[in-house]
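Structural features, examined
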Amino acid sequence: MKIIRYQDTSGNIGHAALQADGTGLKLTGDIYGSPHVTQEKAEVARLLAPVVPTNILCIGLNYRRHAQESGVAAPERPVLFVKGNNTLQHPGAPILLPRHMRSDEVDYECELAVVIGRACKNVSRERALDYVLGYTCCNDVSARDWQIRLGGGQWCRGKFFDTFAPLGPCLVTTDEIPNPNALRISTVLNGEIMQDWNTNDMIFDVPALIEFLSGSTTLLPGTVILTGTPHGVGMARKPPRWLRPGDVVTIEIGGIGALTNPVHEETP
Ligand code: ZN
């Protein structure tokens, strides 16, 4: 099932099951429990990020060729950082280039996002996918100046600005994606392909990430795991290609769909 979250014309927020013709049928019940698909059409006025995360756990340098283009060795263990819930942005809504705390090096990163469906802790890789509700697309927007030079050695400052985690357009449940490490993943910027690779290049695959992240650590339902980005980021281009006002960025993953966001400047 492809699940969307939406606002209707009265401002009510709900979930719906996306149909092949692009319409949605309203869902009742908890998406983390036993959601039921009704026959009632959803009046979608605005598409929202498919889940409100309880946590956003992010993995850095998780694709072999991206580690190479970043000039670093492949890590021995997954590299964990976090994004705050303030970073969440909806499909179609703008990515804001920071202007009060200025960044001139804002970059895109296409990522497969894993949504945990059931609380889990100390999970083996063999059982890891049993706890996944589904998958969606994320753009792990990154201010490289604050991430690398101005952040005191921590990546979080540059990854934590408002609107820096567009998510969507829909959540695809695991029955439709039995193997999350066999998906085409790409970034298209103003119609030009910037990243185009496959999730089979992850250094630590999705089961390995869940095993690692759940070690002595509870993963709550609604935890979103960003699994890293392949090569082709703007930072590694010669010259670098930073996001500019007026740009339109699309993250697309096979079997999930396309997440498109315009780029605006923050109004101070
Ligand atoms: Zn990333």
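All of the points below concern the structure found in this document. Just so it is clear, the model here is predicted, and its values are computed rather than measured. (Residues numbered from 1 in each chain as written. Predicted model: local features only at pLDDT ≥ 70, side-chain atom pairs only at ≥ 80, totals over all residues. Heavy atoms only, no water.)

Concerning the packing of aromatic side chains
Worth spelling out the cut-off: Aromatic rings from Phe, Tyr and Trp, taking only the six-membered ring of Trp, are treated as a pair when their centres fall within 6.5 Å; an angle between ring planes under 30 degrees marks them as stacked, one over 60 as edge-to-face, and anything in between as tilted. To qualify as a helix, a DSSP run of H or I must reach at least 4 residues; to qualify as a strand, a run of E must reach at least 2; elements of each kind are numbered from the N terminus. Only protein chains enter the accessibility calculation, which uses a 1.4 Å probe. A residue is then buried if its area is under 20% of the maximum for its type, exposed if over 50%, and partly exposed in between. Geometrically, a lysine NZ or arginine CZ counts as sitting over a ring once it is within 6 Å of the ring centre and also within 35 degrees of the ring normal.
Summed over all chains, the structure comprises two aromatic pairs. With centroids separated by 5.5 Å and ring planes inclined at 65°, the aromatic side chains of Phe 81 and Trp 155 adopt a geometry described as edge-to-face. Note that Phe 81 is positioned in strand β7 (residues 79–83) and Trp 155 in the loop between α2 (144–149) and α3 (156–159), a separation of 74 residues in sequence. Under the relative-accessibility criterion, Phe 81 is labelled buried at 6%. Seen in terms of ring centroids, Phe 161 and Phe 164 are 5.4 Å apart; in terms of plane orientation they differ by 70°. Their pairing is edge-to-face. Residue classification places Phe 161 among the buried residues on the basis of a relative accessible area of 9%. The ring of Trp 197 carries the charged tip of Arg 65 above its face, separated from the ring centre by 5.2 Å.

A few points about the nonpolar core
Spelled out, the test is: Here, nonpolar core means buried Ala, Val, Leu, Ile, Met, Phe, Trp, Tyr and Cys residues that are tied together by side-chain atoms lying within 4.5 Å of each other.
Leu 112, Ile 210, Leu 219, Leu 243, Val 249 and Ile 256 are the most contacted members of the largest nonpolar core, which totals 51 residues. Among the nonpolar cores identified, the runner-up in size contains 19 residues, and Leu 27, Val 51, Ala 165 and Leu 226 belong to it.

So, the environment of Leu 96
Topologically, Leu 96 is positioned in strand β9 (residues 95–97). In sequence terms Leu 96 and Asn 62 are 34 residues apart; their C-alpha atoms lie 26 Å from each other.

Quick word on helix α4 (residues 206–213)
Using the following cut-off: Here, residues are in contact when the closest pair of their heavy atoms is within 4.5 Å. What qualifies as a polar contact is a pair of N or O atoms within 3.5 Å, subject to a donor-acceptor requirement within protein and to the restriction that residues adjacent in sequence count only when both atoms come from side chains.
Most of α4 sits out of view: six of its eight residues are buried. Those residues of α4 lying buried are Val 206, Pro 207, Ala 208, Leu 209, Ile 210 and Leu 213. Close packing links the buried residues of α4 with β6 (55–60), β7, β11 (110–116), β12 (132–139) and β17 (223–226). The N-cap residue of α4 is Asp 205: its side-chain oxygen and the backbone nitrogen of Ala 208 are 3.0 Å apart.

Regarding the pattern of salt bridges
Going by this rule: Whenever Lys or Arg places a side-chain nitrogen within 4 Å of a carboxyl oxygen from Asp or Glu, that contact is recorded as a salt bridge.
Taken as a whole, this structure holds 16 salt bridges when the rule is applied. The shortest N-O distance in the salt bridge between Lys 2 and Glu 176 comes to 3.0 Å. Residue Lys 2 is located in strand β1 (residues 2–7), and its partner Glu 176 is located in the loop between β14 (165–173) and β15 (184–189); the two are separated by 174 residues in the primary sequence. The salt bridge involving Lys 159 is made with Glu 109; its shortest N-O contact spans 3.4 Å. Separated by 50 residues along the polypeptide, Lys 159 in helix α3 and Glu 109 in the loop between β10 (106–107) and β11 bring together distant segments of the chain. Owing to a relative accessible area of 2%, Lys 159 belongs among the buried residues under this scheme. Connected through shared salt-bridge partners, Lys 83, Asp 107, Glu 109, Asp 140, Arg 144 and Lys 159 make up one network.

A closer look at the coordination of the zinc ion
Note the cut-off: Any N, O or S atom lying within 2.8 Å of the metal counts as a donor, with the limit raised to 3.2 Å for Na, K and Ca; because water is left out of the atom set, some sites can appear incomplete.
Surrounding the zinc ion are the protein donor atoms Glu 109 (OE), Glu 111 (OE) and Asp 140 (OD), which sit 1.9 to 2.0 Å from the metal. Motif for the zinc ion, donor spacing along one chain: E-x1-E-x28-D. Remark: Asp 140 occurs in the loop between β12 and β13 (142–143) and Glu 109 occurs in the loop between β10 and β11; sequence separation between them is 31 residues. The buried category is assigned to Glu 109, whose relative accessible area is 4%.

Re unusual backbone geometry
Geometrically, the link from Gly 168 to Pro 169 is a cis peptide bond, its omega value of 5° lying close to zero. Tracing the sequence through the fold places Pro 169 in strand β14. Non-glycine residue Thr 163 carries a positive phi angle of around 75°. Here Thr 163 shows up in the loop between α3 and β14.

Brief notes about a nonpolar patch on the surface
What counts is decided by this rule: Surface patches are drawn from residues lacking salt bridges whose relative accessible area is over 30%; two like charges belong together within 9 Å, two nonpolar side chains (Val, Leu, Ile, Met, Phe, Trp, Tyr) within 5 Å. Reported accessibility uses the Shrake-Rupley method at a 1.4 Å probe radius. Residues are deemed covered only where the shown protein chains occlude them.
A surface patch of nonpolar side chains, about 230 Å² in accessible area, is lined by Leu 80, Val 82 and Phe 212. Relative to the elements of secondary structure, Val 82 occurs in strand β7. A relative accessible area of 33% places Val 82 in the partly exposed class.

By themselves, these are just geometric observations and shouldn't be taken as functional.
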